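What follows is the residue order along each chain.
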Amino acid sequence: FDVSCAPVLNKHNKVRGIVVVFHDITAIKKLENTRKDFVANVSHELRTPVTSLVGFAETLIDGAIDDKELRDQFLHIMLHEGRRLQSLITDLLELSKIEREHFKLQLSQVSLSNVLDSVLFMLKGKAEAKKIRLSHLQGNEGLIMGDAFRIRQIMINLITNAISYTPENGTVSVSIHERKQEADFIVADNGMGIEKDQIPRIFERFYRVDKARSRDSGGTGLGLAIVKHLVEAHGGRIHVDSELGKGSTFTITFKKSPSLIG
Ligand code: ADP
């Protein structure tokens, strides 16, 4: 609480009483703390790959460059860390753009299933590299009013996560189910799953259930925060069903615009 006091005087300038105002600043403080945490998190996330890049460059200059095997190994690590920095910066810029108040979707009639097909085509190789069966289950077309570019981003993030958090030889199935007023986009995997009490937290910026695993798979910890914003901008909602060790199902529900409800 923020407290301020002021005396109440009578006409002879004598104190008659005191007015005490309690101002509840919990929300302001919370916002301030969130902002401070975010800056601290960003700094930490950026520092880790930069420290590694500088360290390996120094070791190369100090002589490791003459050892071909060591040099190749170090350069690969540096490339990996550089790429991590690149995706982190891309995601940070993206998040700051979509969190702005004047952020606007470019709305048009979108076929969820068309967007999904192009996303699956793009992610085929990633799934194959992990021997994961990535399949589009029979469903509907899912015609909605939406921003095709942003819907593509939502799909890429969710399917990439499903592939990342599912062990080799697992399965990831995606589908679209249209109802009268809504259309669902569903991604189901039979991977590691998420503990119940962690589910609400995974949408927070930089929150990861397992930091090391997320980093190894190239994760920035921002993907689901971006997804949440984009889904909300569409007036949609997200539902997660998950069981530890069994797998997870992410369902995104989009509202159909009145003109598309038959
Ligand atoms: P990251 O870049 O770490 O994947 P996200 O914001 O996309 O960041 O996800 C946050 C965390 O949620 C992940 O680090 C992971 O712990 C968990 N998570 C997301 N999707 C899945 C999934 N399909 N299965 C299990 N855990 C998941």
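Structure: see above.
Keep in mind it's a predicted model, so treat the numbers as computed, not measured.

Let us now look at the packing of helix α4 (residues 148-164) against helix α6 (residues 223-233). α6 packs onto α4 with a crossing angle of 145° between their chain directions and a minimal axis gap of 9 Å. By crossing handedness, the relation of α4 to α6 is classed as left-handed. Between α4, through Arg 150, Gln 153, Ile 154, Asn 157, Leu 158 and Asn 161, and α6, the contact on the second element is made entirely by Gly 223, Leu 224, Ile 226, Val 227, Leu 230 and Val 231. Classifying every residue of the contact of α4 with α6 gives seven nonpolar, four polar and one charged.

To continue, consider the environment of Ile 25. Among the secondary structure elements, Ile 25 is positioned in the loop between β2 (15-23) and α1 (26-61). For the pair Ile 25 and Leu 143, spaced 118 residues apart in the sequence, the C-alpha separation amounts to 44 Å. Setting aside residues up to four positions removed in sequence, Ile 25 forms contacts with Phe 1 and Asp 2.

Pairing between strand β1 (residues 2-9) and β2: eight bridges, direction antiparallel. Note that in β2 the partner of Leu 9 across the bridge is Val 15. A loop of five residues connects β1 with β2, the two strands running antiparallel in sequence, and Asn 13 in this loop sits at a positive phi of about 65°.

About the criteria used
Residues numbered from 1 in each chain as written. Predicted model: local features only at pLDDT ≥ 70, side-chain atom pairs only at ≥ 80, totals over all residues. Heavy atoms only, no water. Axes fitted to C-alpha atoms, helices over the stretch in contact; angles between N-to-C directions. Helix = DSSP H or I, 4+ residues; strand = E, 2+ residues; numbered from the N terminus. Left-handed = near helix turned anticlockwise from the far one by under 90°. Contact = heavy atoms within 4.5 Å. Nonpolar A, V, L, I, M, F, W, Y, C, P; charged D, E, K, R; others polar. Pairing = 2+ DSSP bridges.

These values are about where atoms sit, not about what they do.
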